[in-house]
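# Descriptive analysis of the structure
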Amino acid sequence: MRIFCLYPGTTSTAHSCGDGLVSTLQRMGHTVLAAPRGRSDSPRITLEAINSCDLLLISSLEMLMHIPALGFLDELFDPKDFRMESMLTPLERVWQLWERGVKVPVAAYYTESFVRPDKTFDFTALRPFAQEHFFPAVQDAETFDEAHFGAHGHCQWLPFGVDTEVFAPAPCPKCSGRKIIGITVPRADCQACFGSGFAENVKLVDTAFVGMLYGPRQQYLQQLKPHLKDVAIIAAGVQIRDLPDALHADGIPWQEMAMRLAANYRKCKVFFNLPSLSQHLVTKVFEVMACGTFLVTPALAGSAQKNMQLFEHNKHLIYY
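Before going into details, it helps to say that this report is about the structure given with it. (Residues numbered from 1 in each chain as written. Predicted model: local features only at pLDDT ≥ 70, side-chain atom pairs only at ≥ 80, totals over all residues. Heavy atoms only, no water.)

### Some details on helix H10 (residues 283-290)
Summarising burial for H10: six of the eight residues are buried, a large majority. Those residues of H10 lying buried are Thr283, Lys284, Val285, Phe286, Glu287 and Val288. Along its buried surface, H10 packs onto strand S9 (205-210), helix H9 (254-267), strand S11 (268-272) and strand S12 (294-297). In the stretch just after H10, Gly292 is the one whose phi turns positive, near 80 degrees. (Buried < 20%, exposed > 50% of the residue type's maximum accessible area, 1.4 Å probe, protein only. Helix = DSSP H or I, 4+ residues; strand = E, 2+ residues; numbered from the N terminus. Contact = heavy atoms within 4.5 Å.)

Shown next, in the form of structure tokens:
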């Protein structure tokens, strides 16, 4: 397929929801026109470009849309088109323009839970922009599939995927370089990896968290410290910023930063995942596990508990 993939091009967007999504689709054989919104080197979004494709895939639609600021729509339509003397509200006018202008199927791949402690997203404002809706939170998929939301039969639970070219255990140095018909194939008789193709990860840090340390997480760490005794949790972010150049106008080598993040995940004996505002299993859960690192992650409460059915406590990971 030829896919137009629109997503937030920011450092706060998980690799698996942006650049990793694009590279995975490309490895599957699709032609992808990537539009990481917000980057200076992102191509301009036009109706002609979208309609030249077989599918418009919008990752993190809820973060791209800022009604009434219209989000990415200001690139697609002339602002004067939104002003119309009629009974339509501005948002209804946007929906009308979108329906007339976009001629290809649209799939929305959401990345947040719609109810969070700090905010609630309005699905009714987002629903008209896509025919198919994929939610990482099972409670959202079940709720918005109810008939009165107008998308019954088109709301699916889709837990996060992982770009396994980036998030994976370290390859075996003895046999992982052997390729058969372009595919890396480990040796079954390799005494270093015993045929797995992966080396034992070198663990340099006992317990750590890698990610954004926003207010609630910092408060949680402070409250937790008196109970840790002799356990030290190293908490930090991983980001690379170079001088802007022809390839990276913003000075951020996006793929290299994702690789560095995965390398840090592999360093940890125990990855202690801090609580998230999103009420689902966040991308970090899948990425850390894909790296072969032992994961301890917060248990979810209420209707969000159903997301925990993906992994078994004390077997695949530890819920706390």
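Now that the structure is up, let's keep going.
### Points about the pattern of salt bridges
Taken as a whole and assessed by the stated rule, the structure comprises six salt bridges. In this structure, Glu112 engages Arg116 in a salt bridge whose closest nitrogen and oxygen atoms are separated by 2.7 Å. For Glu112, a relative accessible area of 14% puts it in the buried group. By relative accessible area, Arg116 is classed as buried at 13%. Asp206 is the partner of Lys269 in a salt bridge, and the nearest nitrogen-oxygen pair spans 3.2 Å. Remark: Asp206 occurs in strand S9 and Lys269 occurs in strand S11; sequence separation between them is 63 residues. (Salt bridge = Lys/Arg side-chain N within 4 Å of Asp/Glu carboxyl O.)

### A look at the nonpolar core
Ranked by internal contacts, the top residues of the largest apolar core, which has 45 residues, are Leu57, Tyr265, Phe271 and Val285. Sequence-distant contacts of Phe271, that is, excluding residues within four places in its chain, are made with Ala208, Phe209, Val210, Tyr265, Lys284, Val288, Thr293, Phe294, Leu295 and Val296. One finds Leu64, Leu76, Leu126 and Ala151 within the second-largest nonpolar core, a separate group that totals 37 residues. (Core = buried A, V, L, I, M, F, W, Y, C linked by side-chain atoms within 4.5 Å.)

### Here's the deal with the side chain of Asn307
Along the polypeptide, Asn307 turns up in the loop between S12 and strand S13 (318-319). Here the side chain of Asn307 touches Val138 through a polar contact of 2.9 Å, landing on its backbone nitrogen. Here Ala304 takes part through its backbone oxygen, which lies 2.9 Å from a polar atom of the side chain of Asn307. Other than its neighbours up to four places away in sequence, Asn307 contacts Pro136, Ala137, Val138, Gln139, Trp157, Gln279, His280, Leu281 and Leu300. (Polar contact = N/O pair within 3.5 Å; in protein donor to acceptor, adjacent residues only side chain to side chain.)

### A word on unusual backbone geometry
Among all residues except glycine, the phi angle is most often negative; among peptide bonds, the trans geometry is most common. Look at Ser60: it is not a glycine, yet its phi comes out positive at around 65 degrees. Mapped onto the elements of the fold, Ser60 is located in the loop between strand S3 (55-59) and helix H3 (61-64). With a phi close to 55 degrees, Lys229 is a non-glycine residue in the positive phi region. Relative to the assigned elements, Lys229 resides in the loop between helix H8 (215-228) and strand S10 (234-236).

### Some thoughts on the sheet that holds S12
The strand order across the open sheet built from five strands is S10-S9-S11-S12-S13, with neighbouring strands paired in parallel fashion. Here the strands that pair on one side only, and so sit at the sheet edges, are S10 and S13. Along the sheet, H9 contacts S9 and S11; its crossing angle with S11, the most-contacted strand, is approximately 105 degrees. (Pairing = 2+ DSSP bridges. Axes fitted to C-alpha atoms, helices over the stretch in contact; angles between N-to-C directions.)

Everything listed here is a matter of coordinates, which is why it stays silent on function.
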